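# Commentary on secondary and tertiary structure
The residues making up each chain are set out below.
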Amino acid sequence: MKTQYAFKALMYLAQKDTDGPVLIAEIAEKKNIPLKFLENILLELKKAGILDSKKGKGGGYFFNQRPSDVRLAKIMRLIEGPIALLPCVSLNFYQKCKNCDERNCGLSTVMKQVRDATLQILENKTVADIAQLAISP
């Protein structure tokens, strides 16, 4: 749910990108995301340099990078951690599986293919892409 909420919030911000900073309460209400949960997500995105915020009147969250430069894979790794379904096939979060001979494991071979196919999509799609799809009929 956390990644889904992050994507929903980012899509909303991307759609409002030219309107200036957006209040967290507005995002939470419009996208039906619990406010406290959203606060934590947006703080993570701010720490990563994807978002920034402004306090006071006219304040809120806004993109620190262009939405067209923010890859979905980056968001998923930031929020969830590994994209791979098994730790032994993860590119950035590798861990050896217990009691497994990776060289002779058919499962890891298939999971590498799943990882690569998933990454092919997530590395080539951006927040701007999903924001545009969300407003298209």
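In short, a report on the structure. The residue numbers shown here count from 1 along each chain, following its written sequence. pLDDT decides what is reported in this predicted model: residues at 70 or higher carry local features, side-chain atom pairs at 80 or more are listed and counted, and totals for whole chains, interfaces and linings draw on all residues regardless. The side-chain figures draw on all heavy atoms in the structure; neither hydrogens nor water molecules are used.

### Looking at the overall build of the chain
On a plain count of helices and strands, the chain comes out with six helices and two strands. The secondary structure elements of the chain, listed N-terminal to C-terminal, are α-α-α-β-β-α-α-α. For the chain, the spread of C-alpha atoms along the principal axes amounts to about 60 × 30 × 25 Å. The proportion of buried residues among the 137 residues of the chain is 36%. Sequence-distant contacts, at least 24 apart, represent 59% of the contacts inside the chain between residues at least 6 apart. Only the protein chains shown count as cover for residues, and all accessible areas are computed by the Shrake-Rupley method using a 1.4 Å probe. For the chain, the accessible area works out to roughly 8,500 Å², and carbon and sulfur atoms hold 53% of it. For the chain, the distance from the average site of its 21 positive side-chain charges to the average site of its 14 negative ones is 3 Å. By the criteria applied, helices consist of DSSP H or I runs no shorter than four residues and strands consist of E runs no shorter than two, each listed in order from the N terminus. Type-normalised accessible area, obtained with a 1.4 Å probe on protein chains alone, sets the label of each residue: buried when under 20%, exposed when over 50%, and partly exposed for intermediate values. We call two residues in contact whenever any of their non-hydrogen atoms come within 4.5 Å of each other. Counted charges follow a simple rule, with Lys and Arg positive, Asp and Glu negative, and His plus the chain ends left uncounted. Charge coordinates come from a single atom per side chain, which is NZ of Lys, CZ of Arg, CG of Asp or CD of Glu.

### Concerning the pairing of strand β2 (residues 60-63)
In this sheet, β2 lies alongside strand β1 (residues 51-54) in antiparallel orientation, the contact comprising four bridges. Note that in β2 the partner of D52 across the bridge is F62. Strands are labelled as partners when DSSP assigns at least two bridges between them. In textbook terms, the turn of a hairpin is the stretch between consecutive antiparallel strands, and for β1 and β2 this stretch comprises five residues, one of which, G56, has a positive phi near 85°.

### What about the packing of aromatic side chains?
Centres within 6.5 Å are what make two rings of Phe, Tyr or Trp a pair, Trp counting through its six-membered ring; a difference in plane orientation under 30 degrees is then read as stacked, over 60 as edge-to-face, and the rest as tilted. The final tally for this structure, using the stated rule, is one aromatic pair. Between the aromatic rings of Y5 and F37, the centroid separation amounts to 5.4 Å while the plane-to-plane angle is 85°, which identifies the pairing as edge-to-face. On the criterion of sequence distance, the pair formed by Y5 in helix α1 (residues 2-15) and F37 in helix α3 (residues 35-47) is long-range, its members being 32 residues apart. Of the residues examined, F37 reaches a relative accessible area of 33% and is grouped as partly exposed.

### A word on the nonpolar core
Generally speaking, soluble globular proteins have nonpolar side chains that are buried together. L42, L45, L51, F63 and I75 are the most contacted members of the largest nonpolar core, which totals 33 residues. For this core, the secondary structure elements donating two or more residues are α1, α2 (24-31), α3, β2, α4 (72-79), α5 (106-122) and α6 (127-135). No other element matches α1, which puts nine residues into this core. Contact partners of L45, with chain neighbours within four places excluded, come to L10, I50, L51, I75, L78 and I79. Membership of the second largest hydrophobic core comes to seven residues, among which are A84, C97, C105 and M111. Remark: nonpolar core denotes a set of buried residues (Ala, Val, Leu, Ile, Met, Phe, Trp, Tyr, Cys) joined through side-chain atoms within 4.5 Å.

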